[in-house]
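Understanding the architecture of this molecule
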Amino acid sequence: MSKSRTARIWEALSSLKVTIGTLLVLMALVVACTLAQVNMGTLGAVNAYVRSWFVWWQVPGTAFSVAVFPGGVLAGAVLLVNLSVATLRRLELSWRKSGLWLTHAGLILLVVGEFVTALAQVESRLSIEQGQTLNFVERPREYELALVDTSEPGFEGVYAIPESRLQAGGTVGLPGTDLVVDVKRFMLNAELRRRAEGEAGQGVDRGVGAGVVAEPQAPVTRDDAENQPAAIVEISAGRSRYGTWLASTQLGAPQSIVHGGKNYQLLLRNRREYLPYAVTLKKFSHDVYPGTNIPKNFSSLVHLSNPTVPEERDILIFMNQPLRYGGKAFYQASFGRGDTLSILQVVDNPGWLIPYLSCALVTLGLLVHFVLSLRRGVKRAAAAPVVVAGAGAGAVAQVVSAVQEHAQAQAEG
Amino acid sequence: MNWNKIIPWTVGLAAIAAALAGVVPPAPSRGFDLAAFSRLPVLEGGRLKPLDSVARNALLVIRGNQSFSFEGRTVKPNEWLLDVMFRPARADKQPVFVINDPEVLGMMGYEQKATNRYYTFEDLKPHLQVIQEQGSTAQRVDSKQRTRFQAAISNLLDRVFLYYRLKNTLQLDAASLGSLLKGAGSPQAGAVFDEMASLAYFRPLPPVGTARWRSVAEGLKALMAGDAPAPALDAYARLGAAWAAGTPEAFNTSLVQLRSLSLAGAAAELGSVDAETVFNRVQPFYAGMVIYVLALLVLFTSWLGRRELLQATALALLTSGAIVHTAGLLSRIVLQGRPPVTNLYSSAVFVGWGTVVMGLLLERIYRRGVGTAVAAASGFASLIVAHHLAADGDTMEMMRAVLDSNFWLATHVVIITIGYSGTFLAGAIAIAWALRQHLARTLEPGTSRALSSMVYGVICFSLLFSFTGTVLGGIWADQSWGRFWGWDPKENGALLIVLWCAVILHARWGGYVRERGIMAMAVGGNIITSLSWFGVNMLGVGLHSYGFMDNAFWALAGFCASQLVFVALCLVPRRGPAQRTSSTAGEAAPISA
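Parameters and conventions
- All chains use their own residue numbering, which begins from 1 and follows the written sequence.
- Note on labels: chains are lettered from A, ligands numbered from 1, in written order.
- Under the rules for a predicted model, residues below a pLDDT of 70 receive no local features and side-chain atom pairs below 80 are neither given nor counted, while totals for whole chains, interfaces and linings still include all residues.
- For the side-chain quantities, the full set of heavy atoms in the structure was used; hydrogens and water were omitted.
- Working definition: helices are DSSP H or I runs of at least four residues, strands are E runs of at least two. Numbering for both runs from the N terminus.
- Radius of gyration means the value over C-alpha atoms here, while the globule rule gives 2.2 Å times the residue count to the 0.38 power.
- The buried label applies to any residue whose accessible area, calculated with a 1.4 Å probe on protein chains only, is under 20% of its type's maximum; exposed applies above 50%, and partly exposed to all values in between.
- Residues are treated as being in contact if the distance between any of their heavy atoms lies within 4.5 Å.
- Each accessible area is a Shrake-Rupley result for a 1.4 Å probe, and residues are judged covered by the shown protein chains and nothing else.
- Asp and Glu count as negative and Lys and Arg as positive, but His and the ends of the chain are not part of the count.
- For this purpose, a charge sits on NZ of Lys, CZ of Arg, CG of Asp or CD of Glu.
- In this analysis, strands are considered paired if DSSP registers two or more bridges between them.
- For helices, the fitted axis covers only the stretch in contact; all axes are lines through C-alpha atoms, and the angles between them, taken along N-to-C directions, range from 0 to 180 degrees.
- Oblique is the label for every angle not falling under 35 degrees (roughly parallel), over 145 degrees (roughly antiparallel), or within 65 to 115 degrees (roughly perpendicular).
- The sense of a crossing depends on the near helix, which, turned anticlockwise from the far helix by less than a right angle, makes the crossing left-handed and, turned clockwise, makes it right-handed.
- Just so you know the grouping, Ala, Val, Leu, Ile, Met, Phe, Trp, Tyr, Cys and Pro go in nonpolar, Asp, Glu, Lys and Arg go in charged, and all remaining residues, Gly too, go in polar.
- How far each domain reaches was decided by an automatic or database domain assignment.
- In short, buried area is how much 1.4 Å probe accessible area vanishes from two parts on joining, totalled over both.
- Definition used for salt bridges: Asp or Glu carboxyl oxygen within 4 Å of a side-chain nitrogen of Lys or Arg.
- Buried residues of nine kinds, namely Ala, Val, Leu, Ile, Met, Phe, Trp, Tyr and Cys, make up a nonpolar core once their side-chain atoms join them within 4.5 Å.
- Confidence scores here are pLDDT values: one per residue, from the predictor, ranging 0 to 100.
- The patch calculation keeps residues exceeding 30% relative accessible area without a salt bridge and links them within 9 Å when they carry like charges or within 5 Å when they are nonpolar (Val, Leu, Ile, Met, Phe, Trp, Tyr).
- Counted as a polar contact is a pair of N or O atoms within 3.5 Å, where, for protein atoms, one must be capable of donating a hydrogen and the other of accepting one, and residues adjacent in sequence contribute only when both atoms are in side chains.

**A word on the overall build of chain A**
Counting its regular elements, chain A contains seven helices and 18 strands. Relative to a compact globule of 413 residues, whose C-alpha radius of gyration would be 22 Å, chain A shows 30 Å and is clearly more extended. By principal-axis analysis of the C-alpha atoms, chain A measures approximately 95 × 60 × 45 Å. Here chain A, with 413 residues, has 41% of them falling under the buried criterion. Contacts spanning at least 24 positions in sequence make up 54% of the contacts within chain A whose residues lie at least 6 apart. Accessible surface, chain A as shown: approximately 21,300 Å² in total, 60% of it carbon and sulfur. Positive and negative side-chain charges in chain A, numbering 37 and 32 respectively, have mean positions lying 11 Å apart.

**Details of the environment of Pro206 of chain B**
All names here are of chain B. Following the sequence through the fold, Pro206 ends up in the loop between α11 (189–199) and α12 (216–224). For Pro206, a relative accessible area of 7% gives the class buried. Note: C-alpha distance between Pro206 and Ser262 (56 residues apart in sequence) is 5.6 Å.

**A look at the sheet that holds strand β7 (residues 179–187) of chain A**
All names here are of chain A. The strand order across the open sheet formed by four strands is β6-β7-β10-β11, and the pairing between neighbours is antiparallel. A single partner strand is all that each edge strand has here, and the edge strands are β6 (170–173) and β11 (240–248). Averaged over all neighbouring strand pairs, the angle between strand axes comes to 25 degrees, with direction disregarded. Two strands pair when backbone bridges link them, and β6 and β7 are joined in this way by four bridges, in the antiparallel orientation.

**Structural notes on the pairing of strand β10 (residues 230–237) of chain A**
All names here are of chain A. Most of β10 sits out of view: eight of its eight residues are buried. Side chains Ala230, Ile232, Glu234 and Ser236 project from β10 onto one buried face, and the interleaved Ala231, Val233, Ile235 and Ala237 project onto a second face that is buried too. Sheet topology note: the β7/β10 ladder contains eight bridges and is antiparallel. Directly across from Leu179, in β10, lies its bridge partner Ala237. In the sheet, β10 pairs with β11 via seven bridges, with the strands oriented antiparallel. What sits directly across from Ser236, in β11, is Arg241. Linking β10 back to β11 in an antiparallel pair, the connection comprises two residues, with Gly238 at a positive phi of about 60 degrees.

**Some details on the packing of helix α2 (residues 16–50) of chain A against helix α21 (residues 489–509) of chain B**
Relative to each other, α2 of chain A and α21 of chain B sit at 160 degrees, their axes nearing to 9 Å. Taken together, the axis directions place α2 of chain A and α21 of chain B in an arrangement best described as roughly antiparallel. Where α2 of chain A crosses over α21 of chain B, the handedness of that crossing is left-handed. Across from Leu16, Thr19, Ile20, Leu23, Leu24, Leu26, Met27, Val30, Val31, Cys33, Thr34 and Gln37 of chain A in α2 of chain A, the residues of α21 of chain B making contact are Pro489, Asn492, Leu495, Leu496, Leu499, Trp500, Ala502, Val503, His506, Ala507 and Trp509 of chain B. Of the residues contributing to the contact of α2 of chain A with α21 of chain B, the split by class is 18 nonpolar, five polar and no charged.

**Let's talk about the pairing of strand β1 (residues 54–58) of chain A**
All names here are of chain A. In this sheet, strand β2 (residues 65–70) lies alongside β1 in antiparallel orientation, the contact comprising five bridges. Across the sheet, residue Trp56 finds its bridge partner in β2, namely Ala67. What sits between the antiparallel neighbours β1 and β2 is a turn of six residues, in which Gly61 has the positive phi angle 85 degrees.

**Let's talk about unusual backbone geometry**
Along the chain, Val309 of chain A connects to Pro310 of chain A via a cis peptide bond; the corresponding omega equals -15 degrees. Note on placement: Pro310 of chain A falls in the loop between β14 (295–306) and β15 (311–318). If you check the backbone angles, Glu71 of chain B has positive phi at about 50 degrees while not being a glycine. In this model, Arg306 of chain B sits at a positive phi of 50 degrees, which is unusual for a non-glycine residue. Note on placement: Arg306 of chain B falls in the loop between α15 (284–302) and α16 (307–336).

**Notes on the domain arrangement of chain B**
One frequent convention defines the size of an interface as the accessible area lost when the parts assemble. All names here are of chain B. For chain B, the assigned domains read domain 1 (1–23 + 283–392), domain 2 (32–268) and domain 3 (404–576). Put simply, the middle of domain 1 and the middle of domain 3, counted by C-alpha atoms, are 21 Å apart. Taken together, the 24 residues of domain 1 in the interface contact 33 residues of domain 3. Carbon and sulfur atoms make up 77% of the surface buried where domain 1 meets domain 3, a total of about 2,300 Å² over both sides. Remark: the boundary between domain 1 and domain 3 carries zero salt bridges.

**Some points on the nonpolar core**
Residues and elements named next belong to chain B. Within the largest apolar cluster, 126 residues are counted, with the highest numbers of intra-cluster contacts made by Leu318, Ile429, Val455, Ile459, Trp487 and Trp533. Examining the composition of this core, we find that 17 residues originate from one element, helix α19 (residues 406–440), more than from any other. Not counting chain neighbours up to four residues away, the residues in contact with Ile459 comprise Ala426, Cys501, Ile504, Leu505 and Ala522.

**A short note on the confidence of the model for chain B**
Residue and element names in this part refer to chain B. When pLDDT is averaged across chain B, the result is 85; 93% of the residues are at 70 or more. Ranking the helices and strands of chain B by mean pLDDT puts helix α4 (residues 77–86) first, with 93, and helix α24 (residues 581–584) last, with 40. A low-confidence stretch, residues 541–549 stays under pLDDT 50, and its non-local contacts, those more than four residues away or across chains, total 28 contacts. Note on residues 577–593: pLDDT under 50 across the span, and 30 contacts to partners over four residues away in sequence or across chains.

**What about α4 of chain B?**
Most of α4 of chain B sits inside the fold, with 10 of its 10 residues counted as buried. Within α4 of chain B the residues assigned to the buried category are Pro77, Asn78, Glu79, Trp80, Leu81, Leu82, Asp83, Val84, Met85 and Phe86 of chain B.

**Topic: a nonpolar patch on the surface**
All names here are of chain B. Nonpolar side chains collect at one region of the surface, where Tyr286, Val290, Leu294, Leu297, Phe300 and Trp303 lie side by side and expose about 600 Å² of accessible area between them. For Phe300, the position within the fold is in helix α15. According to the relative accessible area criterion, Phe300 is partly exposed, its value standing at 41%.

**Observations regarding the domain arrangement of chain A**
Residues and elements named next belong to chain A. Annotation of chain A at the domain level lists domain 1 (5–120 + 354–379), domain 2 (123–131 + 275–348) and domain 3 (139–273). Here the C-alpha centroids of domain 1 and domain 3 sit 44 Å apart. The partner domain 3 presents four residues to the seven residues of domain 1 that form the contact. Of the roughly 410 Å² buried between domain 1 and domain 3 on both sides combined, carbon and sulfur atoms contribute 44%. On inspection of domain 1 and its partner domain 3, the count reaches zero salt bridges. Linking domain 1 with domain 3 are zero residue pairs in polar contact (both at pLDDT 80 or more).

Structure, rendered in C-alpha cells:
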C-alpha cells in the first residue's frame, strides 16, 4: 500500500534534502547580498535579496520584472517549517535527545527573531546639539509634509502628512482646521535648480519655490547617500486660496501662511516621532589617543526629563553602552559640527531579547547534549577499554568518541 | 640507548634554544650601545613604545624588510634610524625605498631593473615635487577605485613623507638639535619650531612634573616661552652630536642619562617597553615559521626512510614551533594588555596557532603523521600570511573606539577565529588525503577512514565555534549599535562559514556524500573561510573594517584557484584496485592506535 498523501507531504516537509537545499540557497543569497552592497548600499541589498520573497530581475528595456530566485523571506520560511517539522517528526521525546531539542528550539527562535526584527524594528536617529533639548526622534529614510502652527510661543501644533499619503497624491484635510492640502506632485528624490528665464514653471506661485524647478532623480539606497524629496502642494481653506508651494528638504528659508489669525509653517522634513519625554545634550566628548587622531571614545552626557513619571536624571551614553528607555535604545552613532553635535541611533525593536534567548537555548542544548554523550562515551569506554595512544589522550579520545556517537545517532535517525 | 627518543628531544630543545637566543642583547657595535638606544621609550601612535619598534616598523613600511646592505655591511633598523635622525646626509644615500611600479619609475625617468628595486632618497630628491603632485591627486581618489599607478604613487608619497617626518622629528633636516637649542632665542625660531611641530613623528621627551610626553618641537617652544629646558632635550642633542661625530663614549653616556630621565618620568611603563624590545629581537613568529618549515622538511624526508625516527623528530620540531608560537602569542597579550586577536595581523597569527594546536591534538589521538604534516603546513602558511600583513606598520596599534572592549574581543573575536582555524584544519586534512590518494598512492583504507573521521570531527568543532562566535558577534552588535544582525559583509562572511559547515554535516548525516564528497566540501571550506576572512575587507563596506588591505586581492584569488584544483582532485576517483574504499566509508570510523 502506498503511503497516504499527508504522510508524503509530512515527509517532504521534514526532508533533509530540503534543509540542505535551503541552506545552499541561503548561502547564495548571502553572497549576492554582500556583493550587491558595494553598489546598492546595505539597505538596498538587504531589501533586494534578504527581505523579499523573491529576487526580481528587471527585463532590460521593459518595466517588467521576473522572479529569478527565491528570496530570503521564502528561504527563511521554508527553513523554519522544515526545521520545526523535522524536529517534531524525527526527534524522539527522550532525555537522551533533550539537548538536541533545546538546540533546535533555539535555532527556530533565531529565525523567528530575524522575522520579528524585519517586520517590527524601527530605526530612527536623534541629532542633537550641545545645549539643545529635543522631544522627538527622526526616521532617516522617511519623510513627511508638516504644517506647524507656531502662533503660541513655546508650543508647536504639528499637522503632518506622511510620505505614503504624499505618494498617493490628492487632497488631505487637516483635522481640527478647515485647511486642505492638495498634493499635486511628490518626488522622493529631486534636484532643485533655478528656473531659467522663459522656462515653464511647475505651477508654483508662492514662496521661494516659484523661481525653482524640481527635477525628479532616481531614489538612492546607498549607506552614505540620502534622498532629497520635494513636493508641490496647493493649500486652501474654504474659499481662501493660499497658493501653490514647493516644499523640499533642500529649501532652507522658512515658508509660512497665515490663516484664521494663526501662523502655519510649511516644511518637508524627515518623519518625526514625538516622545513623551525630552532629551537635553549637556556635553559631547570625543577622546583620541594622545598624539594621534585615532578615536578612543565618543560619549554624550544627556539629561532625561520625563514629566509623566516624573523622572529627571543625567545619563552618559558611550560606545557599547546604550541608554534603554521607554522601549527605545539610544546608541552613540556619530557626531559633527566640530564635536558639538551628537548623533544617536535610536532603535525600537520589540523582539530584541529573542536572539539572547535563542543563543542561551542553543548553548544550553549543545552543552546538555555534549555532557550526555560524554557520559555515555565514558560508560562505554569503561565497559570495553579502547586502546588509544598514550594515557593523556584518553580524555580527548572520549570526547572524540562522543562526537562520533552523535554522528552515528544522526546517521541512524 | 634509544636514539629514537634522544634525537627528537635534542632537536626539539635545540630549536627552542635557538629561537630564544635573541633574548640576550647584542654586544655594542663599534663601541655604540645600540641595545640601550633601541630601548628608549617614545610616544607614537597613541602608545608608549621603544624606539626599536619605531625603527623596525618604519623600515618595514618604507623598504618592505627589516635590514639592508650598505657599503659592504648589513644595516639594522636602529642604525638606520640613527642615521636618518642625526646623519641625514648619509641616510639619504641608503637604498631604502622599494619601488616596483614601472610607471612610477618611468615618471622619474628610471628604467625598471631586474637586479635592483631599491632607491635612495637622493634618487627621489629631484622628483619630490612631481611625487607630491601626483600622489596627492591620487589620494583624492577613493582608495578602492585607484588605478595601479595611483595606488603606487600614493603609497610612495606616504613613505617619502614618513621618511621626511623621521628626519625632522629630533632636528630640522640639516640643522642639528644642538644648534636649534642655541638658536631658541632668535626671532625666526618660532616659525622653525612650528614647522617641526607639524612634522614630528613621535614624542621622545619624558614627562616632567605635570607635562605629558612631548615632541622635541614642543620642548623647544616651551623653552622659547621661558620655561626651563627639558633635560632630555640636551641629552638627545648630545646623543645626536655623538652619533654624527662617531664618538661612542659620549653616545653611551647620553643614553645612560636618557634612561634615568625616562625612569624618572615613566618608571611604571618602562618594563613593558623593555619587554617589547626583547619581543622584537626574538621575533617569535618568524622563528616559529622557520621551525615549522624544518618540521615539514624532516617529515618529507621520513617518506624516504628511517620513518620512525624522522617522524618523531618532525613531531618534536612541530611541538617546539608550537611552544615558540604560543610564547609569542602570550607575550603579545601581555604587552598589549588585550586578548590575542585585535587586528588582521594578529588574527592570522592566532588562526595558525589554532590549527597547529588542533593538529597536534589529532596527532596525539590518531598517530598517523598526518596531524604533524597538516599542522606544520598550516602553521607555516598562516605565519607567512601574518608576515606579509605586518608590512603595514605597527601590529600593536591602538583599538578604535567601537572595538575598545576587551570582553567582546576575548569572546566573540577569539571564538570566531578558532572557528576559522577549524575549517582551515579540516581543509588541510582533506588536501593531505587527496595528495596521498592520488600522488603518493599510499593511502590504505584504514588511514583513509581515520582521516575522514578527523575531518568530520573538526567540522563539528568549527560549526560549534563559528556558530557561537557569530551569535556572540550579534549580541555585541546589539549592545553597541542596536541591531543583532545587520547583514554587514563581515557578519555575512561568518554566516557563510556556519551555513557551509551545516551543509557538510547534514549532507553526511543524510548519506548524500561519502568520503570523497566530504573531503571536497572540506577543501571548499578553505575558500569560504578565506573569503570571509580577507575578501570582505576588500569590499570596503560595513562597520567591521578592522583590517584594511590594498593589494592582497591577487594572492587571495590565487589561493582560491588552488583550492578549486584540490576540490577537483578530491572528486576524481582513485585509479586502481583500491577504488572501493571511497564507496564503503560512509559511516564514522572507529578509533585505532
